[in-house]
Structures are given as C-alpha cells and as structure tokens.
Amino acid sequence: MGSLDAAPAGGCSRAGCRKAATSRIDWRNPKIHAEDRVKTWLACDEHVDYLREFLAARSFPVRVSSFEATDAAAPAPSPGAGPVGGGSA
Ligand SMILES: [Zn+2]
C-alpha cells in the first residue's frame, strides 16, 4: 500500500495538503524509471509550482496539465504522497 503508482484521484500530492487538485504533474525519474514509466502527482493551485519546481530541480522530465476530479475516479491514494518536508534531499 502507499503505492505512488496508483492513479491519483483528486487530492493535492503535497505533503499535508488536503486541497482538491487542479493540475496534474506527470514526471519520471530517468535514473530509476524506464522510458515508459511515468508517475503522476496532483496539485492544487497553491502547490503546483512547488511540486513542479521540486521535480525540475532534479532535472526530471515534468509535464503539467490541467486536472479535473471526477466522480468516477478511483479511491484516493494516501494523502501527502508527494515530497515530505524535512526529508533528505
Ligand atoms: Zn496543495
């Protein structure tokens, strides 16, 4: 459990943030992920820049697009799946 691979469903991925997401961030870590392996974070208006910069600072390929939560979405992953403040960077 706690897999980041699950399709996200509506909540911001920023640790501790429970806001509804308005953007999705598709990214990949070239060092550990295969070419076709893309992870997705969701972000609210407030954190989309933070999360994008977090990934861009590591030279990960990042693509931000708009996100709209739907009722058909799968159960949400554990909140705060994104980078945790205070962790080693
Ligand atoms: Zn947020």
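Procedures and definitions
Residues numbered from 1 in each chain as written. Predicted model: local features only at pLDDT ≥ 70, side-chain atom pairs only at ≥ 80, totals over all residues. Helix = DSSP H or I, 4+ residues; strand = E, 2+ residues; numbered from the N terminus. Buried ≥ 20, exposed ≤ 12 C-beta atoms within 10 Å, placed from the backbone. Core = buried A, V, L, I, M, F, W, Y, C linked by C-beta atoms within 7 Å. Contact = placed C-beta atoms within 7 Å.

The name recorded for the protein in an unreviewed UniProt entry is Acetone carboxylase, from Agromyces indicus.

Chemist: Just checking my understanding: could you explain the overall build of the protein for this structure?
Modeler: The helix and strand inventory of the protein stands at one helix and three strands. Counted from the first residue to the last, the protein has its helices and strands arranged as β-β-α-β.

Chemist: Help me understand the environment of R14 in this model?
Modeler: Locating R14 in the fold gives a position in the segment before β1 (23-27). Note on R14: 26 C-beta atoms within 10 Å, which makes it buried. Residues R14 and A43 lie 29 residues apart in sequence; the distance between their C-alpha atoms is 6.8 Å.

Chemist: Please explain the nonpolar core as it appears in this structure.
Modeler: Core analysis: the biggest nonpolar cluster contains 13 residues, and C12, A21, I25, L42, A43 and L51 have the highest contact counts within it. Among the secondary structure elements, those contributing two or more residues to this core are β1, β2 (39-43) and α1 (48-56). Not counting residues within four places of it along the chain, the set of residues in contact with A43 comprises C12, S13, R14, A21, S23, I25, V48 and L51.

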